[in-house]
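# Inside the fold
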Amino acid sequence: MKSIIKLYAIFLFAFNSFSQDNVEWLSFEEAISLNQKNPKPILISIYTDWCGWCKKMDLYTYSNQLIYSYINNNFYAVKLDGEEKNRITFNNKVFNFKPKGKRGNHELAVGLMDNKIVFPTTVIMSENEVILDRIPGYLDASIMEKFLVYFNSKAYKTKNWDDFNGDFKSKLAN
């Protein structure tokens, strides 16, 4: 009987280890299209392939079960390469990659970051596709949770960040 229980436990562990539970990333265009049909806030993670902090955020923040479940249930999530080579059309404007030195940046990413190029940057847009905030730098799961709830619950309309942050009760500790 013990060997059956051990085998079952190994099977469950292996199944959970290989499951693809994570943020359901969309392209920018997919998110905008879905938002036209069923409006939700949009979370945009602007990254680059060479950014170590971006990789750390993928590994520790976006792979956190509470975080990816909350994002998947309440936001359209976009993963936008700050050095994207493809053109993107938004609000009848075409955005392109602009080479600069050995690299370059995509005009949409730069615009979303308000010309302050920091990787990673998390951008929150309302369901009306208006930028609510730009959060530069690495966000661990506890900070990300606060931002997600602050914007999804629309607390930003009635509370300033400091008051909300002071009153916030995390579900990560539970």
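To keep things clear, this report deals only with the structure shown in the data block. Just so it is clear, the structure is predicted and the values come from calculations on it, not from any experiment.

A few words now on the state of the cysteines. Here the structure, examined in full by the defined rule, presents one disulfide. Note that Cys51 is cross-linked by a disulfide to Cys54, the S-S spacing being 2.4 Å. Its S-S torsion of approximately 85° makes the covalent link between Cys51 and Cys54 right-handed.

Take the pairing of strand 9 (residues 131-136) next. Here five bridges tie strand 8 (residues 121-125) to strand 9, and the two strands are oriented antiparallel to one another. Its bridge partner lying in strand 9, Ile124 is registered against Asp133. Here strand 8 folds back onto strand 9, and the loop between the two strands holds five residues, one of which, Glu129, carries a positive phi near 65°.

Glancing now at the packing of helix 4 (residues 65-74) against helix 6 (residues 141-152). Running from N to C, helix 4 and helix 6 cross one another at 20°; their axes reach a closest spacing of 10 Å. Our classification of the angle between helix 4 and helix 6 gives roughly parallel. Here helix 4 and helix 6 pass one another in a crossing that is left-handed. Contact residues: Leu66, Ile67, Tyr70, Ile71 and Asn74 in helix 4; Ala141, Met144, Glu145, Leu148, Val149 and Asn152 in helix 6. Tallied by class, residues from the contact of helix 4 with helix 6 come to eight nonpolar, two polar and one charged.

The next thing to look at is the sheet that holds strand 8. An order of 1-3-2-8-9 is seen for the five strands of this open sheet, with the pairing classed as mixed. In this open sheet, the two strands that pair with only one neighbour each are strand 1 (25-26) and strand 9.

For the rest of this paragraph, the subject is the pattern of salt bridges. Per the stated rule, a full pass over the model turns up five salt bridges. Here Lys79 ties to Asp58 by a salt bridge, and the two come within 2.6 Å at their closest N and O atoms. You can see Lys79 sitting in strand 3 (residues 76-81) and its partner Asp58 sitting in helix 3 (residues 52-61), a full 21 residues away along the chain. Judged by its relative accessible area of 28%, Asp58 falls in the partly exposed class.

This paragraph deals with the nonpolar core. Ranked by size, the top nonpolar core spans 22 residues in total, and within it Phe28, Ile42, Ile44, Ile46, Leu80, Leu108 and Leu112 carry the most contacts. Tallying contributions element by element places strand 2 (residues 42-47) first for this core, with four residues. Once residues lying within four places of it in the same chain are set aside, the contact partners of Leu108 are Phe28, Leu80, Ile88, Phe90 and Phe95. Judged by nonpolar contacts, the second largest core, of 21 residues, contains Tyr62, Phe75, Leu139 and Phe164.

Calculation rules
Residues numbered from 1 in each chain as written. Predicted model: local features only at pLDDT ≥ 70, side-chain atom pairs only at ≥ 80, totals over all residues. Heavy atoms only, no water. Disulfide = S-S within 2.5 Å. Pairing = 2+ DSSP bridges. Helix = DSSP H or I, 4+ residues; strand = E, 2+ residues; numbered from the N terminus. Axes fitted to C-alpha atoms, helices over the stretch in contact; angles between N-to-C directions. Parallel < 35°, antiparallel > 145°, perpendicular 65-115°, else oblique. Left-handed = near helix turned anticlockwise from the far one by under 90°. Contact = heavy atoms within 4.5 Å. Nonpolar A, V, L, I, M, F, W, Y, C, P; charged D, E, K, R; others polar. Salt bridge = Lys/Arg side-chain N within 4 Å of Asp/Glu carboxyl O. Buried < 20%, exposed > 50% of the residue type's maximum accessible area, 1.4 Å probe, protein only. Core = buried A, V, L, I, M, F, W, Y, C linked by side-chain atoms within 4.5 Å.

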